Structures are given as structure tokens and as C-alpha cells.
Amino acid sequence: MARLVVVSNRVSAPKSVTRAGGLEVAVMASLKRNPGIWFGWSGKLSTNILATRTIEGDPVSFVLTDLPKAAYDEFYYGFANRVLWPILHYRLDLAEFSRQDLSGYTQINDHFADELHELLKPDDVVWVHDYHFLLLAKALRERGHRNRIGFFLHTPFPPVEIITGLPHHERIISALCHYDLCGFQTETDAANFARYVESECHFPGDRKRGYDTGERIVRIGDFPVGVETDSFNKMARRAIRSSFADGVLSSLSGRAMIIGVDRLDYSKGIQNRLEAFERFLATYPEWRDNVTYLQITPKSRSEIPEYMDMERNVSSTVGRVNGQYGEASWTPIRYVNRAHTRTALAGLYRAARAALVTPLRDGMNLVAKEYVAAQDADDPGVLILSRFAGAAVECKPALLVNPYDTEAVAAAIYRALTMPIEERRARHNALYAILAKNDINEWPGRFLTALTGAETLGATASAGSLPHSASAVPEGRSAYRPN
């Protein structure tokens with residue numbers, strides 16, 4: 001029986017310091033069907049002895065490794081989040097490259113490879129997640145591993161004209177060609193990487209047949225992440241009756257609620273969104289004292305100066321709007337910096353008349369999908385969604401907006417709050433059907449089928465011994481565009 005070994009920086013393990021959010025949902029869905037190992041950072045930093053330990057579980061075992069503090073700071077706060085994150089989100093202007101940070105990034109990838117080297121069996125199938133480990137497959141190949149190794153990028157992947165702005169891109173991005181399959185959230189992201197492989201790596205091939213590196217055929221696909229549609233809807237139905245949700249609703253005194261849920265990150269467009277809500281209040285005065293905008297924004301990467309500046313700007317804007325339009329009995333914007341459980345959020349989603357999901361650039365954005373999944377089909381709310389979120393590819397029945405256009409977003413808020421119930425139902429029914437078709441429980445099988453040729457890894461006698469060619473994909477199924 002081949003094992004599935006999932007690798008990510010953050011691991012949602014019992015008693016783990018970290019929580020993985022949307023990544024957790026996606027990874028656990030893959031491990032439900034394919035029991036195996038989730039390998040990643042323990043949450044502990046060390047200056048000397050590094051420990052790796054295993055937490056046995058059923059069907060998932062968690063293997064957690066400590067990391068050297070100096071290298072982790074360079075890897076995570078430095079290269080991953082001050083270089084890769086902005087560039088992958090089309091923000092070359094915010095990238096701050098240093099050789100020292102790249103050295104730390106390389107060191108952590110090598111450390112993960114060393115630990116995996118002791119762990120991997122020849123027929124294990126390895127699934128690596130996200131931009132933290134662009135170099136990991138290369139490091140594993142250098143240690144002699146010929147396992148099937150797949151990679152999935154949860155962020156966007158920008159065009160060649162932007163990604164080549166990354167110093168040493170020819171070393172870092174081209175390392176992805178040591179994976180057998182590179183998966184992306186959208187067709188645009190996959191096409192951007194294919195164009196990079198063609199123009200910068202010069203490997204022969206194409207999107208349909210894959211690209212021949214001389215050692216393997218690397219294939220490229222788009223595999224949009226979904227949510228557990230029906231079970232999330234059931235969760236929302238229960239959560240709306242909880243004391244927490246009841247308390248929030250009671251405090252609104254009958255006012256409509258708009259909700260936004262985002263990490264405090266410049267890619268999320270929170271500042272633009274607040275200015276759009278301010279424009280809405282100025283343009284449609286009849287809605288003053290009749291609607292409350294709840295923005296839940298847990299802080300992230302607070303050690304990075306750009307994020308501290310953003311926090312100050314957002315707080316200042318909230319204060320200005322509340323000061324100008326608020327009354328003793330009404331606060332237009334409720335701004336909360338604490339994280340909430342998925343159950344609590346499910347209840348709030350179901351209670352909200354509209355959701356503002358307006359990132360400036362996002363790989364997918366599962367908040368948009370969870371909001372739709374949480375709705376009461378008889379009286380659904382309206383999703384206002386940035387056309388620059390990966391979710392917009394599937395969620396066309398939403399109100400799609402340009403997050404940079406504050407007047408257009410303000411108009412979309414007004415339209416959402418005044419939309420007739422027949423139109424709300426029609427849009428929601430269409431969106432829900434799309435989400436149900438691409439449920440998270442189906443997502444791992446699509447990726448793993450393309451990677452190994454068998455949806456359940458146990459059905460493959462030796463996944464690691466499969467030939468490195470597109471023939472591993474069953475006849476009739478596209479290797480690059482799953483059905």
C-alpha cells in the first residue's frame with residue numbers, strides 16, 4: 001500500500017502551536033481517502049539541537065520537525081514573505097530581496113529534505129504544498145529519491161514579465177521542474193507557469209503532453225480548491241442558533257449585516273474595501289443606521305514593517321468612517337482583530353445579507369465559497385467578489401467587482417442589499433451547484449489521479465515506480481485540466 005506524504009510549512013496537528021486554516025481543510029480531505037503522513041514544522045525554533053517527533057493518529061500520523069531560529073526567520077519572514085509572497089501576488093514593488101534570506105530559504109528546504117530522506121519509502125507519493133518549498137523536490141532528487149512528487153501552489157502565479165523580476169528566478173522557479181506535477185488554482189496561473197517553462201527553461205513539450213526535462217516529464221494542471229459544501233451548510237444551520245450568533249444578531253437591533261473575513265494582508269484589499277463602504281454611506285444616505293459592516297481581520301506577520309503600517313492605516317480608516325457617520329446607538333464598522341472558529345464564522349456568514357470578498361489578488365479565497373455554502377437557500381445573502389480572486393473563475397453568478405474601483409464596489413453593496421429575493425435565490429442556486437460539483441472531497445482525487453494514475457493510492461502497487469510520463473494519467477482524462 002503506497003502512503004501519501006503531505007508536506008507543508010504549517011501543520012494542524014494535535015497540540016500544535018500552528019493552525020493551517022484553508023490549507024488544513026484541503027490537506028485533511030486528501031488524507032481521509034489516502035491514509036499517510038502530514039510532515040511539517042512543529043512550531044518550535046531551536047538554536048542548537050533540532051528534534052523531529054511523530055504523533056501517531058488514525059488515519060493520519062503527524063511528523064513534526066523543529067527548525068533553526070536564524071534560518072527560519074530568513075526563510076519565513078525574509079524570503080517567503082518579503083520576496084515570494086509579494087511577487088506571487090503581482091507586487092514587485094514590495095519585494096525586498098537579500099542573499100542572506102535566500103540562504104535561509106535554501107537551508108530550510110534542505111532541512112526538510114534531510115528529514116524526509118529518513119522517512120520516505122520507495123513507493124511513497126509525496127504532495128508538497130505552497131511557495132515555502134519551491135526547492136524541495138530538487139533537494140529530494142539530489143538525495144536519490146525517484147518517488148512521485150507533486151506540488152500545489154495555493155497563491156497566484158504571475159506572468160513571466162513579473163516572475164522574472166525575482167532575483168535568481170532561474171534557480172528558484174525552474175526548480176519546480178523537479179516535480180512530476182505542478183498544480184495551480186486557476187487556468188491562468190497554470191498557463192503563466194507553462195509560459196515560464198517554455199520561455200525561460202526551454203524544455204520541449206506543451207501543456208497537453210507535459211515538458212521533457214531530460215529526467216522526467218513535468219506536467220502542469222489547474223485544480224481549483226473547493227469547500228465541503230453540504231457539511232458546511234449543515235454547520236451553518238446549527239451555528240446560527242448558537243448563543244454566539246444570537247448575541248451578534250441581537251446587537252444589530254434589526255440592521256442588515258455585511259461581513260468581511262480576511263487576514264491582515266495587503267493582498268486582501270481591506271483598505272480599498274473600507275473606502276468603498278465609506279463611499280456607499282456617502283452615496284446612499286438612506287442606509288445609514290440601517291446596515292453594519294463587520295470586518296473580522298486576525299493579524300498576521302506583525303513583525304514585518306509593511307504589515308504594521310497597514311494595520312495603522314486600516315485602523316485609522318475605520319476610526320474616520322465611524323467618527324464621521326456613526327451615532328451613539330450605531331457603529332457603521334465593527335473591526336475585530338481576533339480569529340474565530342469555523343463554526344462561529346459559519347453562523348455569521350449565514351446571518352449576513354452580503355459578503356465583501358474583494359482581494360486585490362488571491363489564489364482562490366475559500367471565504368467566498370464558505371459564505372455561499374453557509375446560506376439559507378430560501379433567503380440567501382449576496383456574494384460581492386473581486387474578479388482578481390481565483391474563486392471568480394467559478395463564481396460568476398456572484399456580483400463581480402474591480403476592487404480598485406471604490407464607486408463600483410459601493411454600487412455593488414447597494415445592489416446586494418436591495419436585490420429582489422427571486423434574483424438572490426437564482427444566483428445562490430447557481431453558485432451552490434457549482435461548489436457542490438467541485439466539493440473539497442473530490443479535489444484530492446483529481447490531483448492524485450493526475451499525479452499517480454490512481455485516485456486511491458492503495459490501488460497502485462508501487463506508485464513510486466510509475467514511469468515519469470504522461471501515460472500515468474488514465475486514457476480519456478486530461479493531465480492538465482481535470483474533469
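The rules behind the values
- Residues numbered from 1 in each chain as written.
- Predicted model: local features only at pLDDT ≥ 70, side-chain atom pairs only at ≥ 80, totals over all residues.
- Heavy atoms only, no water.
- Helix = DSSP H or I, 4+ residues; strand = E, 2+ residues; numbered from the N terminus.
- Rg over C-alpha atoms; globule rule 2.2 N^0.38 Å.
- Buried < 20%, exposed > 50% of the residue type's maximum accessible area, 1.4 Å probe, protein only.
- Contact = heavy atoms within 4.5 Å.
- Areas by Shrake-Rupley, 256 points an atom, 1.4 Å probe, with all protein chains shown as cover.
- Phe/Tyr/Trp six-rings, centres within 6.5 Å; stacked < 30°, edge-to-face > 60°.
- Lys NZ or Arg CZ within 6 Å of the ring centre and 35° of its normal.
- Axes fitted to C-alpha atoms, helices over the stretch in contact; angles between N-to-C directions.
- Left-handed = near helix turned anticlockwise from the far one by under 90°.
- Nonpolar A, V, L, I, M, F, W, Y, C, P; charged D, E, K, R; others polar.
- Salt bridge = Lys/Arg side-chain N within 4 Å of Asp/Glu carboxyl O.
- Pairing = 2+ DSSP bridges.
- Core = buried A, V, L, I, M, F, W, Y, C linked by side-chain atoms within 4.5 Å.
- pLDDT = per-residue confidence, 0-100.

The subject of this paragraph is the overall build of the protein. When you go through the protein residue by residue, the secondary structure sums to 16 helices and 16 strands. The C-alpha radius of gyration computed for the protein amounts to 23 Å, which stays within 12% of the reference 23 Å derived for 483 residues, consistent with globular compactness. By principal-axis analysis of the C-alpha atoms, the protein measures approximately 65 × 45 × 45 Å. For the protein, the residues scored as buried account for 59% of the 483 residues in total. Of all intrachain contacts in the protein linking residues separated by at least 6 positions in sequence, the fraction that spans at least 24 positions is 75%. Here the protein displays about 18800 Å² of accessible surface, and carbon together with sulfur accounts for 50% of that area.

Moving on, we get to the packing of aromatic side chains. Scanning the model with the defined rule gives 29 aromatic pairs in all. The interplanar angle of 50° and the centroid separation of 4.8 Å between the aromatic rings of phenylalanine 79 and tyrosine 105 together place this pair among those described as tilted. Placement of the pair is phenylalanine 79 in helix α2 (residues 69-88) and tyrosine 105 in helix α3 (residues 99-119), with a sequence separation of 26 residues. Given a relative accessible area of 0%, phenylalanine 79 falls into the buried group. Ring centres of phenylalanine 152 and phenylalanine 447 lie 6.4 Å apart, and the angle between their planes is 85°; on these two criteria the pair is classed as edge-to-face. Placement of the pair is phenylalanine 152 in strand β6 (residues 148-152) and phenylalanine 447 in helix α16 (residues 443-452), with a sequence separation of 295 residues. Given a relative accessible area of 0%, phenylalanine 152 falls into the buried group. In this structure, arginine 361 is placed above the aromatic ring of tyrosine 90, and the distance from its NZ or CZ to the ring centre is 3.8 Å.

What follows covers the packing of helix α10 (residues 270-283) against helix α14 (residues 406-418). Put simply, α10 and α14 touch, their axes get as near as 8 Å, and they point 65° apart. Here the hand of the crossing between α10 and α14 comes out right-handed. Listed contacts from α14 to Asn272, Glu275, Ala276, Phe277, Arg279 and Phe280 of α10 are Thr406, Glu407, Val409, Ala410, Ile413, Tyr414 and Leu417. Residue classes in the contact of α10 with α14 are distributed as eight nonpolar, two polar and three charged.

Bringing the pattern of salt bridges into the picture now. Tallying each qualifying case throughout the model produces 26 salt bridges. A single salt-bridge network, built from bridges that share partners, covers Arg141, Asp180, Glu215 and Arg216.

For α16, the buried fraction is high: 10 of the 10 residues fall into the buried class. Following α16 by one or two positions, glycine 453 adopts a phi angle in the positive range, close to 85°.

Here we come to the sheet that holds strand β15 (residues 382-386). Strand order in this open sheet of six strands is β13-β12-β11-β14-β15-β16, and the pairing throughout is parallel. The outermost strands of the open sheet, each flanked by one partner alone, are β13 (333-336) and β16 (399-401). Averaged over all pairs of adjacent strands, the angle between strand axes in this sheet comes to 20°, irrespective of strand direction. Bridging between strand β11 (residues 256-261) and strand β12 (residues 291-296) involves six bridges; their strand directions are parallel. Across the sheet, the residue bridging to glycine 260 is glutamine 295, located in β12. The strands that helix α12 (residues 342-351) touches are β11 and β12; relative to β11, the one it contacts most, it runs at about 135°.

It is worth spelling out the nonpolar core at this point. Residues Val7, Leu136, Ile173, Phe193 and Phe280 are the most contacted members of the largest nonpolar core, which totals 97 residues. A per-element tally of this core places α2 first, with 11 residues. Apart from the residues lying within four places of it in its own chain, the contact partners of valine 7 are Phe39, Phe112, Leu116, Val126, Trp127, Val128, His129, Phe133 and Leu136. Core analysis: the next-biggest nonpolar cluster, separate from the first, contains 62 residues, Ala26, Ile259, Met364 and Ile440 among them.

With that settled, consider unusual backbone geometry. In this structure, serine 253 takes a positive phi of about 55° despite not being glycine. Structurally, serine 253 can be placed in the loop between α9 (243-252) and β11. For asparagine 365, which is not glycine, the phi torsion reads 85° and is therefore positive. Here asparagine 365 shows up in the loop between β14 (354-357) and α13 (366-374). For asparagine 365, a relative accessible area of 8% puts it in the buried group.

This next bit is on the environment of glutamate 278. Take glutamate 278: it is sitting in helix α10. On the basis of relative accessibility, which here comes to 14%, the residue glutamate 278 falls in the buried class. Taking the C-alpha atoms as reference, glutamate 278 lies 8.8 Å from tyrosine 325; in sequence the two are 47 residues apart. In contact with glutamate 278, not counting residues within four places along its chain, are Arg320, Val321, Gln324 and Tyr325.

Further remarks concern the confidence of the model for the protein. Low-pLDDT stretches of the model should not have their predicted coordinates read in fine detail. Per-chain confidence: the protein averages 90 in pLDDT, with 91% of residues scoring 70 or above. Predicted confidence for residues 458-483 stays below pLDDT 50, and this span has 60 contacts to residues more than four positions away or in other chains.

With that settled, the discussion passes to the sheet that holds strand β4 (residues 60-68). Strand order in the open sheet made by the 10 strands is β3-β4-β2-β1-β5-β6-β7-β10-β9-β8, with mixed pairing throughout. Of all strands in the sheet, those bounded by a partner on one side alone are β3 (52-55) and β8 (205-206). Bridge count between strand β5 (residues 125-129) and β6: five bridges; the pairing is parallel. Within β6, the residue paired with histidine 129 across the bridge is phenylalanine 152. α2 contacts β2 (36-46) and β4 of the sheet and is inclined by roughly 100° relative to β4. Packed on one face of the sheet, α16 meets β1 (4-7), β5, β6, β7 (181-184) and β10 (217-222) and runs near 125° to β5.

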